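Residue strings, one per chain:
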Amino acid sequence: MRRSAPSPATAANLSATPWNAVKTWRQHLTVPQFTVVTGALVIAFGTVIMASPLCSTDAVGLWEALFTVTSAITVTGLSIIDISRDLTAFGQVALAGLIITGGLGLMAITTFLQGFVQGHSGLRHRLDRGRALDDFGVGGIGPTFNSILITGFCVMGLGTVVLYVFGFTDISNPLERLWAALFHCISAYNNAGFGLWSDNLVHYRDNPVVNGVIAAMIVVGGIGWRVINDLWSNRARLQRLRRLSLHTRLVLRSTVLLIGFGALGLLFTEHFAAGGVMENLHWWQRIQVTLFQSISARTAGFNTVPLSIQTFSDAGLLLLIVLMFIGASPGGTGGGIKTTTFATLMGATRSTLQGREEVVIHRRQIPDTVVLRAVGVTLASAIFVILMALLLGLGPTTTGEPTRISFSFLEKLFTCMSAFGTVGLDLGVTAQLNRWGQLVLMVGMFVGRLGILLLLSAIYGSRPQPRVGYPREELYI
């Protein structure tokens, strides 16, 4: 006896399984939405692993694991646990793996994986992914991603060898010394700022090898793969800088100027700080400390001197906030609004003061869309950080004893900027916040790593350009 074919209603019910619904929802995700979802899933999975007895002690619960994993994936470095005491050897290895995952670029990884999970992508979808992944271009995501991995591991490997042989010579155990060198190179290259010791790198304040290697790792990781690739492609004729792209020249120039400005600024502000951390240092120690902190403040988060509102002046902390807000460069492992965004704003300001109608940098005219994007990123980021500071000031923002522990507005603003810029510098505030305050920081770290524009694109989606023009009218500014 032949069976009758299922009715259309029955077939629809059979196809409407939870798995098929998930597949349909996944295929309709935009690139920004897919990136946000993937990042959240990686954090959730890492939290479960980090909270297990295999990775941590009883002092690390789900909340502590969630905060640590979020900080690692966003390569921030803020922590509410003691890495060396509360994590096992396997937990430290897992933390290093999470740092590499986040440092290589959450957008790069998720866009690379999207080709495997979202089928039937047409040309327009591939072009959209190429635009979202602006540091890789279209059609070369796979080879480029492999090149990024190879470059990163080669640089981290070289730094590990130097630190092992010449840097951490006070560590007698060869395995401990090797792990310390490898972990700190991973953390530095990915601009994470995690350290194996509770005082970070304060113990190595006067060690020029440790300072030099860590600082070099931070700079190389922060300038971005596109700049490294451009320098390598033109290595035989670097004496002719005009052969380099405008992006490369702008990143290198901005990086050098910001490092110099930060170091000189800290030397000036802390020279007049009575009782500060640099009061009893020799001039060469001050230069080394301020140079390292200027480099580290732009998203790395390492410190070679105690950092608190008692050891640094308000002017010095404000200068660090500015450096954290600017951050690293596009395509790098750091956060912030990026050096090119800051350079574009400075170029627009100069053009305005000179009465020009176009923005010109290094004899190249910058498109209006780039200028508008720079203004949008800066303004949206500033508003977001202010909103974070506002939320951090609602109710008791400490361990539940606001009468005994209270933080100034500068400390809260500094911590919020450190989280949003994925820096990791801490004035001793993070571990003393209650869960509401730590939740605000986690959201800030996640948004800061993804980028404010990517988050807005994930929420609102891509909208078509209007075909209707509007009449122009002048405003008084």
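Here we summarise the structure given alongside this text.

Reading guide: rules and limits
Residues numbered from 1 in each chain as written. Predicted model: local features only at pLDDT ≥ 70, side-chain atom pairs only at ≥ 80, totals over all residues. Heavy atoms only, no water. Helix = DSSP H or I, 4+ residues; strand = E, 2+ residues; numbered from the N terminus. Buried < 20%, exposed > 50% of the residue type's maximum accessible area, 1.4 Å probe, protein only. Contact = heavy atoms within 4.5 Å. Areas by Shrake-Rupley, 256 points an atom, 1.4 Å probe, with all protein chains shown as cover. Core = buried A, V, L, I, M, F, W, Y, C linked by side-chain atoms within 4.5 Å. Axes fitted to C-alpha atoms, helices over the stretch in contact; angles between N-to-C directions. Parallel < 35°, antiparallel > 145°, perpendicular 65-115°, else oblique. Nonpolar A, V, L, I, M, F, W, Y, C, P; charged D, E, K, R; others polar. Expected span 1.5 Å × (residues − 1). Polar contact = N/O pair within 3.5 Å; in protein donor to acceptor, adjacent residues only side chain to side chain. Salt bridge = Lys/Arg side-chain N within 4 Å of Asp/Glu carboxyl O.

Of regular secondary structure, the protein possesses 20 helices and two strands. Here the protein holds 477 residues, and 49% of them are scored as buried. Intrachain contacts of the protein at a sequence separation of at least 6 include 71% that bridge at least 24 residues. Carbon and sulfur atoms form 64% of the exposed surface of the protein, whose accessible area is close to 24700 Å².

The next subject is the nonpolar core. The biggest cluster of nonpolar side chains holds 98 residues, and the ones touching the most others in it are Leu95, Ile99, Ile214 and Phe414. In this structure Phe414 touches Leu307, Leu317, Leu320, Ile321, Met324, Leu425, Asp426 and Leu427, once residues within four positions along its chain are discounted.

This paragraph deals with the packing of helix 14 (residues 283-297) against helix 15 (residues 314-326). Contact pair helix 14 / helix 15: the axes reach a minimum separation of 8 Å and the direction vectors enclose 40 degrees. If you check the angle between helix 14 and helix 15, you find them oblique. Contacts from Gln293, Ser294 and Ala297 in helix 14 reach Leu320, Leu323 and Met324 in helix 15. Tallied by class, the residues present in the contact of helix 14 with helix 15 amount to four nonpolar, two polar and no charged.

In this fold, Gln288 is placed in helix 14. For Gln288, a relative accessible area of 17% translates into the label buried. Non-local contacts of Gln288, meaning those with residues more than four positions away in its chain, are made with Arg205, Asp206, Asn207, Pro208 and Asn211.

A rise of 1.5 Å per residue sets the reference length of helix 17 (residues 368-392), with its 25 residues, at 36 Å; its end C-alpha atoms lie 36 Å apart and thus fit the reference within 8%. Taken together, the buried positions of helix 17 are Val371, Ala374, Val377, Thr378, Ser381, Phe384, Val385, Met388, Ala389 and Leu392.

Our next topic: the side chain of Arg449. Counting through the fold element by element, Arg449 comes out in helix 19 (residues 435-450). Of the residues examined, Arg449 reaches a relative accessible area of 12% and is grouped as buried. There is a polar contact of 2.9 Å between the side chain of Arg449 and the backbone oxygen of Gly102.

The subject of this paragraph is the pattern of salt bridges. A complete count under the given rule lists two salt bridges for this structure. The partner of Arg85 in a salt bridge is Asp86, and the shortest N-O contact between them spans 3.4 Å. On the basis of relative accessible area, Arg85 is assigned to the exposed category, the value being 59%. Accessibility expressed as a relative area gives 7% for Asp86, which makes it buried. Of the charged contacts in the structure, one is a salt bridge between Arg205 and Asp206, with a shortest N-O distance of 3.1 Å. Among the residues examined, Arg205 registers a relative accessible area of 24% and is labelled partly exposed. According to the relative accessible area criterion, Asp206 is partly exposed, its value standing at 34%.

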